[in-house]
Amino acid sequence: MTKLLLLVIPVFIYAESLKSLLDFATTNNKLVISKDFKEMAREKEVESSKSEYYPTIDAGAFYSRDDDRSKSIPGDTYSGYAKISLDLYSGGETQNTIKQNQELSLSAKYNSLSYKKSLQLSITEDYYNIKSDEATLNALKDKELQLLAELDRVKKFFDVGSATIDEIDRLKAEYSDNLYQIDQVKYQIISLKKLLSIKIGKRVDSIAEAFIEEPKDITKDISDTILALKSSASALKYGANVISSANMPQVKVEDTYSLYGYERYDKTHPEGPENQNKLMLTLNMRLFDMGVITKQKEALLLEEKALQSEVEYAIHEQDVNVELAMLKIGTTKAQIKSAKSSLESAESAYKTISEKYEVGSVDNVTYLDALSVRTNAKSQYERALNNLQISYASYYYHTNKNIKEYIK
């Protein structure tokens, strides 16, 4: 008994809860990390575009040497300068670039949120599918014990001539088939845990029980996928405005202050000025470009219309998915009732047939059928219970809720 407890206790100690796995995945999943970096990159682009309103300061220097000096020019000239530049008017390019980057930043944010929520649903599905497979494994192991006990009992009867060899062979065949199913289910559990480990970002050995609250009075929020599409469409619209700004006047002011030095000068190759301040105001406007700007703008606006169509499709898709998710909850509840009734009948039938089999009223074929039906009924009932949890999670996902907030 003590050894058994020592084996069981670590399972409970190290069993992972669903909520802890979801928490860990949202910060350690490699794709989540990637999307977080993309989101941060977009935020930096917004900050960068806002800096366009401020002047720029450049500094530089040059050195020039003429081996054959030209008349009135020293042989060596060197200079250091500082230049301040400011765009006074860019035709709306700066404002629209900022808005474009803000929308792209929002799109990255919503894409990240969308992936995190879809990841939560995927992990939850794997979690409960593992629980279902574990329930199937337990039912098969229980059947294994029953078959071993029955095989031992029949062998004793065979030794005294009260049972035939075909009865033993049937039991052995059923036992071997049961072992095959056990190995198959074990592999399924290992595979699911491996895949789950990739999604979470760490190894998963054992999982604990978890229950998700039944949805009640849940209002549907617009999905993050739709919000991301809307932001991307807005970004294209502002991008078209950025392109249009090229046809507007561009006004820029520059002030450059330079210091000069000279070598190899004389009366015929005199020095130039020691310093110079140069203020320059420029106005530029594109008058003709064969419609390049117009066509580029039209191309972006067509892409915006394409995204708007995707938004309409996604809105309809979300509505349908919410309806199907609610329907799935009702269907799964009905399946649970049927599975429970089937299990109760299978348990009752197995008990009756087992008693008759022990006294020789029925053959072992009937007994084995009853045992298999009971095993399948146990597995089916547990799977239906776990499927209900998945259907709850699916409903929260399609209404754009955070699944882990509804885990008990």
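A quick note: this is a predicted structure, and the numbers were derived from the prediction, not measured.

A. How the structure looks around helix α4 (residues 93-159). Along its 67 residues, α4 runs 97 Å from first to last C-alpha, staying within 8% of the 99 Å computed at 1.5 Å per residue. In the stretch just after α4, Gly-161 is the one whose phi turns positive, near 85 degrees.

B. Representation of the side chain of Ser-112 in the model. Inspection of the secondary structure puts Ser-112 in helix α4. Apart from residues no more than four positions distant in its own chain, Ser-112 is found in contact with Lys-35, Asp-36 and Glu-39.

C. Representation of the packing of α4 against helix α6 (residues 224-244). Contact geometry for α4 and α6: axes closest at 8 Å, N-to-C directions at 165 degrees. On the basis of their axis angle, the class for α4 and α6 is roughly antiparallel. Seen along the crossing, α4 lies across α6 with a hand that is left-handed. In terms of residue class, the contact of α4 with α6 is made up of nine nonpolar, 12 polar and five charged.

D. The arrangement of the packing of aromatic side chains in detail. Using the criterion set out here, one finds four aromatic pairs in the structure. Their ring planes at 40 degrees and their centres at 5.7 Å tell us that Tyr-350 and Tyr-367 sit as a pair that is tilted. Of this pair, Tyr-350 sits in helix α7 (residues 292-358) while Tyr-367 sits in helix α8 (residues 364-398); the two residues are 17 residues apart in sequence, bridging distant segments of the chain. Overall, Tyr-350 belongs to the buried group, its relative accessible area being 7%. Looking at Tyr-367, the relative accessible area reads 2%, which means it is buried.

E. Layout of unusual backbone geometry. Its identity is not glycine, yet Arg-264 carries a phi of approximately 55 degrees, on the positive side. In this structure, Arg-264 sits in the loop between β3 (250-263) and β4 (275-284). Although it is not a glycine, Met-290 adopts a positive phi angle of roughly 60 degrees.

F. Quick peek at the sheet that holds β4. Read from one edge of the open sheet, four strands run β1-β2-β3-β4, paired in antiparallel fashion. The open sheet has two edge strands with one neighbour each: β1 (56-65) and β4. Put simply, the sheet's adjacent strands are angled 20 degrees from each other on average, direction ignored. As paired elements, β3 and β4 share 10 bridges and run antiparallel to each other. Opposite Tyr-257, over in β4, you have Asn-277 as the bridge partner.

G. Inspection of α8 at higher detail. Helix length check: α8 (35 residues) gives 50 Å between terminal C-alpha atoms against 51 Å at 1.5 Å per residue, within 8%. In the stretch just after α8, Asn-400 is the one whose phi turns positive, near 65 degrees.

H. Quick look at the pattern of salt bridges. Taken as a whole and assessed by the stated rule, the structure comprises 28 salt bridges. Across the pair Asp-224 and Lys-117 runs a salt bridge, and its minimum N-O distance is 3.0 Å. Pair noted here: Asp-224 is in helix α6 and Lys-117 is in helix α4, with a separation of 107 residues, a long-range link. Since its relative accessible area comes to 5%, Asp-224 is described here as buried. A relative accessible area of 15% places Lys-117 in the buried class. Three or more residues are tied together by salt bridges with common partners; here these are Arg-65, Asp-67, Asp-76 and Arg-264.

I. Here's a closer look at the nonpolar core. With 44 residues, the main nonpolar core has Leu-18, Ile-123, Tyr-127, Tyr-128, Ile-200 and Ile-212 as its most contacted residues. Taken together, the elements giving at least two residues each to this core come down to α2 (18-28), α4, α5 (165-200), α7 and α8. In this view, Tyr-127 contacts Glu-16, Ser-17, Leu-18, Leu-21, Ile-207, Ala-208, Glu-209 and Ala-210; residues no more than four positions away in its chain are not counted.

J. Quick peek at the pairing of β3. The sheet contact formed by strand β2 (residues 76-89) and β3 spans 13 bridges and is antiparallel. The partner of Tyr-89 across the bridge, within β3, is Val-251.

K. Examining a nonpolar patch on the surface more closely. On the surface, Met-285, Leu-287, Phe-288, Met-290 and Val-292 cluster together into a nonpolar patch covering about 630 Å² of accessible area. According to the relative accessible area criterion, Leu-287 is exposed, its value standing at 79%.

L. Representation of the confidence of the model for the protein in the model. Looking at the protein, pLDDT values average 92 and 97% of them are 70 or higher. Counting contacts from residues 1-13, a segment whose pLDDT is below 50, to residues more than four positions away or on other chains yields two contacts.

Thresholds, definitions, all that
- Residues numbered from 1 in each chain as written.
- Predicted model: local features only at pLDDT ≥ 70, side-chain atom pairs only at ≥ 80, totals over all residues.
- Heavy atoms only, no water.
- Helix = DSSP H or I, 4+ residues; strand = E, 2+ residues; numbered from the N terminus.
- Expected span 1.5 Å × (residues − 1).
- Contact = heavy atoms within 4.5 Å.
- Axes fitted to C-alpha atoms, helices over the stretch in contact; angles between N-to-C directions.
- Parallel < 35°, antiparallel > 145°, perpendicular 65-115°, else oblique.
- Left-handed = near helix turned anticlockwise from the far one by under 90°.
- Nonpolar A, V, L, I, M, F, W, Y, C, P; charged D, E, K, R; others polar.
- Phe/Tyr/Trp six-rings, centres within 6.5 Å; stacked < 30°, edge-to-face > 60°.
- Buried < 20%, exposed > 50% of the residue type's maximum accessible area, 1.4 Å probe, protein only.
- Pairing = 2+ DSSP bridges.
- Salt bridge = Lys/Arg side-chain N within 4 Å of Asp/Glu carboxyl O.
- Core = buried A, V, L, I, M, F, W, Y, C linked by side-chain atoms within 4.5 Å.
- Patch = residues over 30% accessible without salt bridge, like charges linked within 9 Å, V, L, I, M, F, W, Y side chains within 5 Å.
- Areas by Shrake-Rupley, 256 points an atom, 1.4 Å probe, with all protein chains shown as cover.
- pLDDT = per-residue confidence, 0-100.

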